[in-house]
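Single-letter residue listing:
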Amino acid sequence: MTDAFPTGGPFSNLTAVLNAPKTLVSQTKTLGLLPDVFQFSQNSLQDYVDCKRRFQLRYAQGRRWPAAPTEPLTVHEERLEQGAEFHLLVQRHLMGLTVHPSSLEGDHLALWWDNFIRYPIPDLPQTEQLPEVQLSTPIGSQRLLARFDLLAIEPGERIVIADWKTTHSRPSRQDLNERLQTRVYLYTLVEAGEHLFGGPIQAEQVSLTYWFAEAPQSPITFDYDSLQHAFNKDYLADLIAEIMAQPAGLDEVWPLTSALHQCKYCVYRSLCNRGEKAGRIEDADASVTDFNFDFDFDLDTIEAIAF
């Protein structure tokens, strides 16, 4: 297993990044402007819904990590590393490669792996299981991207989206229902997964199950239907249109969130004069810190398999 992960872990440079220059400008756009076609994902849309200013700083202005998201930073970084390693372990396992539990380092990782083996998601289709699938679909004049931890497929019958969560607390069903990930994953799969399914997908044939590494016997499943799909299409299209209509330019300041408790866990809080000290990770609930543990991606670093 040691050859599967870098010695320092995929996030071992987080501290260095915090001390790096604060603005990284994409070569494909002018500072302060989104490109004509932007790669919207669950993370970018969630950023906008949570705080328009955070979206502006991160995506339109390209500012990166001016502060630590939580304290202590070492605990945050360790959890990110082990979360990334867990996803790689599961991917390796689902591809039929050998995983040696005795080689796992870190209390969290060993526990999560044991839970994964002992308490799998019940009633997953077994005919075809595709880990780490990435799909892309147009929405209006923009693009919507999704990366799935696992698609479990019974061709022509049903598809179950499985998503592994390594957050330290289990969110409520209501919190998950309100997260953009739930809308984006279900919508994108129906729109872009036809070639995987063997024909057109009806929304009623799709479901999404969140599995929690620290609460493995309590997964949360969302079924889907055509009414939800039509609502999600309008909602996501309207949300993206609203984002693209926001004012551009460095002198423009998009609205800040009114949910001040979120600011304690936002890397941009000092830029907004909303405190300099990060909130403690053990005091945060999953709905606040989930974006800190998601692994986002962009159009240049993936091979989108549906258009």
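Predicted model, so just to flag it, every value in this text is computed and none were measured.

Participant: Describe the confidence of the model for the chain, and please don't skip the residues or the numbers.
Facilitator: Within the chain, residue pLDDT values average 81, and 75% of them lie at 70 or more. Every residue in residues 291-307 scores below 50 in pLDDT, and together they form 54 contacts with partners more than four places removed in sequence or on other chains.

Participant: Summarise the pairing of strand β5 (residues 206-212); cite the residues concerned and give the values.
Facilitator: Most of β5 is tucked away: seven of the seven residues are buried. In β5, alternate side chains face the same way, and those of Val-206, Leu-208, Tyr-210 and Phe-212 on one face and Ser-207, Thr-209 and Trp-211 on the other are all buried. Summarising the sheet, strand β4 (residues 158-165) and β5 pair through seven bridges and their orientation is parallel. Residue pairing across strands places Val-160 opposite Ser-207, the latter belonging to β5. Two strands pair when backbone bridges link them, and β5 and strand β6 (residues 215-223) are joined in this way by five bridges, in the antiparallel orientation. When the sheet's bridge partners are listed, Leu-208 is paired in β6 with Phe-222. Between the end of β5 and the start of β6, which pair antiparallel, lie two residues.

About the thresholds
- Residues numbered from 1 in each chain as written.
- Predicted model: local features only at pLDDT ≥ 70, side-chain atom pairs only at ≥ 80, totals over all residues.
- Heavy atoms only, no water.
- pLDDT = per-residue confidence, 0-100.
- Contact = heavy atoms within 4.5 Å.
- Buried < 20%, exposed > 50% of the residue type's maximum accessible area, 1.4 Å probe, protein only.
- Helix = DSSP H or I, 4+ residues; strand = E, 2+ residues; numbered from the N terminus.
- Pairing = 2+ DSSP bridges.

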